[in-house]
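Okay, here's what each chain looks like letter by letter:
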Amino acid sequence: MNILFIAVFSPQSTNNSQRDCLIELGHNVEEFNYRSIPNYNFELQKKEGYDIILIAKGSGINSYTMDALSKNNNKVIYWFPDPSSTFSPEFSMKVELSDVAYFDKIKALNMGKKVNSNCYYVCEGYDSKIDSIQDIPKEYDVSFIGNLYGSRAEVLKQIPNIQIISTAYGSLHSIEVGKTKININLCTDNCASDRIYKILAAGGFLLTDDWEGREFTGLKDGKDLIIFNSVNDLKEKIEYYLKNEQQRINIANRGYITNKKLNRLEWAKSITYPN
């Protein structure tokens, strides 16, 4: 299929790996890096002749452009990966004017369904080209990979000797996971981030709070990862799994296997070849 992919293709953007997976499936993909194009709404309104117009969030794309894309082309697919807290009226408009919309977060999905019945959950997952097991020695007992905002700092400052890593982008993420015995995840707005899938893809042991929609991923508490329910519970489980290495390794191994289907190639299949 011929696909016009309207997205951001900066060095750290997940849209890059999504594009690569679409190409791997045999699609012809034309990039439209809209934030770097002056008058991008005007330019988009002239686009036609594609099998699929795929819009990744598309901040600033207006209703006139959405109408033109719908009239000039075959199928408009909208992809919204963010939590519901950022689902503004602008994004609701784009969902309403698309043929189908896909969401990575359940709360945002439920909001989308209020304006378009053709809304579905698809896990964004991990990038199989860079998120992989690294055979390196363990350096940290406990780490958190990511930026500190919201309540994260308040929780993590209560964890003794935790390593905070805020600059592990791209392939560096798997290296830091490989250095760590226990990888912590903290969800935002009760939603999963791709950190979960990246940690498991790198063979890491994951200790996380729960998130809405976990049942759709197949990841099970006590089998593929460990869920904590409070700061005290988190501290107790860190202490337990540091002392019980084989249990930790077994859970990490099972999580790696279950997580293998949660990659971006599967995302690309779900977006372009829905059941």
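Residues numbered from 1 in each chain as written. Predicted model: local features only at pLDDT ≥ 70, side-chain atom pairs only at ≥ 80, totals over all residues. Heavy atoms only, no water.

**Some points on the sheet that holds strand 9 (residues 180-185)**
Taken in spatial order, the 5 strands line up as 8-7-9-10-11 in an open sheet, and their pairing is parallel. Since the sheet does not close on itself, it has two edges, and those belong to strand 8 (163-165) and strand 11 (226-227), each with one partner. Pairing of strand 10 (residues 206-208) with strand 11 involves 2 bridges; the strand directions are parallel. By the bridge assignment, Leu-207 is partnered in strand 11 with Ile-226. The strands that helix 8 (residues 194-201) touches are strand 7 (140-145), strand 9 and strand 10; relative to strand 9, the one it contacts most, it runs at about 165 degrees. (Pairing = 2+ DSSP bridges. Helix = DSSP H or I, 4+ residues; strand = E, 2+ residues; numbered from the N terminus. Contact = heavy atoms within 4.5 Å. Axes fitted to C-alpha atoms, helices over the stretch in contact; angles between N-to-C directions.)

**Observations regarding helix 12 (residues 264-272)**
Looking at helix 12, one finds that the buried residues are Arg-264, Leu-265, Trp-267, Ala-268, Ile-271 and Thr-272. The buried residues of helix 12 occupy an angular sector of 155 degrees when the element is viewed end-on, so they sit on one face. Looking at the buried residues of helix 12, the elements they touch are strand 1 (2-7), helix 1 (15-24), strand 3 (52-56), strand 4 (76-80), strand 5 (100-103) and helix 8. A side-chain oxygen of the first residue of helix 12 lies 3.0 Å from the backbone nitrogen of Leu-265; this N-cap is Asn-263. (Buried < 20%, exposed > 50% of the residue type's maximum accessible area, 1.4 Å probe, protein only. Arc of directions from axis to C-beta. Polar contact = N/O pair within 3.5 Å; in protein donor to acceptor, adjacent residues only side chain to side chain.)

**Description of the side chain of Ser-92**
If you trace the backbone, Ser-92 turns up in helix 4 (residues 89-96). Judged by relative accessible area, Ser-92 falls into the buried class, the value being 16%. Those residues in contact with Ser-92 that lie beyond four places of it in its chain are Phe-87 and Val-115.

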